[in-house]
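Chains, contacts and geometry: an overview
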Amino acid sequence: MNPSLPVTLADWTRAFQAGDSPLPALLSLHRRLEVESPPGVWITIVGRAGIAAQVDALQARAARLDRAQRRIELPLFGVPFAVKDNIDVAGLPTTAACPAFAYTPTAHAGAVAKLIAAGAVCVGKTNLDQFATGLVGTRSPYGRPSSALAADRISGGSSSGSAVVVARGDVPFALGTDTAGSGRVPAGFNQVVGLKPTPGRVGTSGVVPACRSLDCVAVFALTVADAASVLAIVEGPDEADAYSEFAPGPARFGRTLRIGIPSHAVFSGDAGYGAAFEAAVRHVQSLGHRVAPIDFAPLHAVAGLLYAGPWVAERHAVIEQLLAGSPEALDPIVRSVVEPSARLSATDAFRGLYRLRGARRDTQSIWEEVDLLMVPTAPGHPRHAEVDADPIAVNAQLGTYTNFVNLLGWCALAVPAGTTAKALPFGVSFIGRAGVDAALARFGIAWQESLGLTLGATGVRGEAAAPDDPSPRLPAAEPVLSIAVVGAHLSGLPLNGQLTERGAVLRESVRTAPCYRLFALPGTTPPKPGLLRVKAGGAAVDLEIWDLPSTAVGSFLALVPPPLGLGSLALDDGRHVHGFLCEAHAVDGALDITASGGWRAYLERLRTEAS
């Protein structure tokens, strides 16, 4: 399809920058949703009067702001979005895809409230696997959507409707939830982005739980930049959620990453995902990153805890009364998954917690070997008929590379990676340790820009929809101090570990302004240079800038020996940055190596002369 309305979040926000009312565009969208929506996608579409009421309230708020204030306080002014129907929107029924469970909340879920406060307009509630129990998208009395790009294949779930409406270009973003992969698998099957934050980063107040201790609010969007912008708005502490734990991490990764892939990848079905994953691995290598095959057996063992362990009892806690009083109201497959958990004991629960605690400790060593994991988002793309023939087994296969992530407290980003030989959408997921959401978003933006694929089923190419703003809103990151290093702390040199073990990330390689001299300091171990600013006769010197977490600055400075210290360095582009300088007395009699251009070049010259 080729929609006439705006497609991405950036398109929608640009449409109303001049202060135009979003109502005509939103009513046009409403007509399209009523007439063109495929079956099984929506549970509730907000009526014209409901949309008009939201716009009236929004414009009343905007009228009190000047244009600059509106851009800050209402960054999503007039932007439509959809909400998975296990997340509360005040005044709209929440069904969790079970009519007997339905209720009408009087307050928004925490994430929804933040989006509406930012100016977004909710246009409807989307279908899901009942009680978010499934990765197939077929377990709902409201119908079963298909992939927006393959009518005979499933949409994926449980956030089925949210992924499909984004892929169709009906809304630029939608909220879903993710416990076992529900915010990632449907993204992969619909060629859209599925951003699953670190558990606790986005509050889950107002969300019908699946597994309350693991649930995440996920974001679907056509671009990583749009998903990141939405996460930046909905993240943060949530006083109504006891599992809220907002802890920003690094802003970026280094330029060259170590990316772990399964040493023995598992695929299923006829979609051709094996060859597509090999192509994706080659592409990530072409971007300059290093790939390292690793054993995923410990991660698959963790995944087994989700349904074969006591965590399935969390699902029972939600539907216990319904299961006891009206079991026929439940989808038969959902009931068969949850019902046996009633036989689990408190002892079983503690045994599961002990196993998970040990697994979290043991798998932490992965992050000493790699910076990210890269996996197929799903091992295959089943047809509806395959799910009908064996619904439990097919669903279980789909969680191969997703089920372990929330149990381990990690974050993940599902992104399109091209199409298979059968022209089916294929996606990969990049998985990071807890808290690296901002860095993962930056990486994902670069990944998506490098491919330039069609966005979902819209027919719009990625490069055509790139935002004008070169710096999209990104999730919050921990504060850092940028430090310029000139000698033994350079990447790959003996003292670089003092930076990396404190979480520092290489930002860029630059040169000083031409007002410095570089000296090889005698008697230092390991050998170190001294950088001295001079009034005349200076030159530019190579250096690196590292972003060091502010919390680690004190322990790093304690390692800096005299005659070195930190001062303000002038760069050749006019900027100033904190960096290593040397006391003037220490260079008396020291060898001037400025002509080498930098410490690394000087060391290379020594090696060449020695050989």
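For the structure itself, consult the block above.
Position numbers for residues count from 1 along each chain, tracking the sequence in the order it is written. With the structure being a predicted model, the display of local features is reserved for residues of pLDDT at least 70 and the display and counting of side-chain atom pairs for 80 or more, all residues being used for whole-chain, interface and lining totals. With hydrogens and water set aside, each side-chain value is computed from the structure's full complement of heavy atoms.

Let's talk about the sheet that holds strand E17 (residues 529–533)
For two strands to pair, DSSP has to find at least two bridges joining them. Helix and strand definitions here come from DSSP, where helices need a minimum of 4 consecutive H or I residues and strands a minimum of 2 consecutive E residues; each element is numbered from the N-terminal end. If you walk across this open sheet you meet the three strands as E17-E16-E21, and the pairing is antiparallel. The open sheet has two edge strands with one neighbour each: E17 and strand E21 (591–592).

Re the packing of helix H2 (residues 23–36) against helix H3 (residues 48–62)
At a closest axis distance of 10 Å, the pairing of H2 and H3 adopts a crossing angle of 155°. When the axis of H2 is compared with that of H3, the two are roughly antiparallel. Crossing of H2 over H3 shows right-handed handedness. Residues Leu23, Leu26, Leu27, His30 and Arg31 of H2 form the contact with H3, whose participating residues are Arg48, Ile51, Ala52 and Val55. Tallied by class, residues from the contact of H2 with H3 come to six nonpolar, one polar and two charged. Orientation is described by lines fitted to C-alpha atoms, with helices fitted over the stretch in contact, and by angles between N-to-C directions that extend from 0 to 180 degrees. Angular relationships are summarised with four words: roughly parallel below 35 degrees, roughly antiparallel beyond 145, roughly perpendicular across 65 to 115, and oblique for the angles in between. Crossing handedness follows the turn of the near helix against the far one: under a right angle anticlockwise gives a left-handed crossing, and clockwise gives a right-handed one. Residue contacts are counted whenever heavy atoms from the two residues lie within 4.5 Å of one another. Residues are grouped as follows: Ala, Val, Leu, Ile, Met, Phe, Trp, Tyr, Cys and Pro are nonpolar; Asp, Glu, Lys and Arg are charged; every other residue, Gly included, is polar.

As for the pattern of salt bridges
Any two side chains of opposite charge can pair, on the condition that their charged atoms come close. Salt bridges, as used here, are contacts in which a Lys or Arg side-chain nitrogen is within 4 Å of a carboxyl oxygen on Asp or Glu. Applying the stated criterion to the full structure yields 25 salt bridges. One salt bridge connects Glu544 with Arg600, and the closest N-O pair in it is separated by 3.1 Å. Residue Glu544 is found in strand E18 (residues 542–549), and its partner Arg600 is found in helix H21 (residues 599–610); the two are separated by 56 residues along the sequence. Two residues, Arg605 and Glu609, come together in a salt bridge whose shortest N-O distance is 3.4 Å. With Arg605 and Glu609 both in helix H21 and four residues apart, the pair spans about one turn of that helix. Burial classification: accessible surface area is computed with a 1.4 Å probe over protein chains only, and a residue below 20% of its type maximum counts as buried, one above 50% as exposed, and the rest as partly exposed. A relative accessible area of 39% places Arg605 in the partly exposed class. Several salt bridges converge on common partners, so that one network encompasses Asp152, Arg153, Asp270, Arg383, Glu386 and Lys422.

Focus on a nonpolar patch on the surface
Residues enter patches when their relative accessible area tops 30% and they take part in no salt bridge; the joining distance is 9 Å for like charges and 5 Å for the nonpolar side chains Val, Leu, Ile, Met, Phe, Trp and Tyr. Areas reported here follow the Shrake-Rupley algorithm with a probe of radius 1.4 Å; residue values treat only the protein chains shown as occluding. A surface patch of nonpolar side chains, about 360 Å² in accessible area, is lined by Phe350, Leu353 and Tyr354. One can find Tyr354 in helix H13 (residues 346–363).

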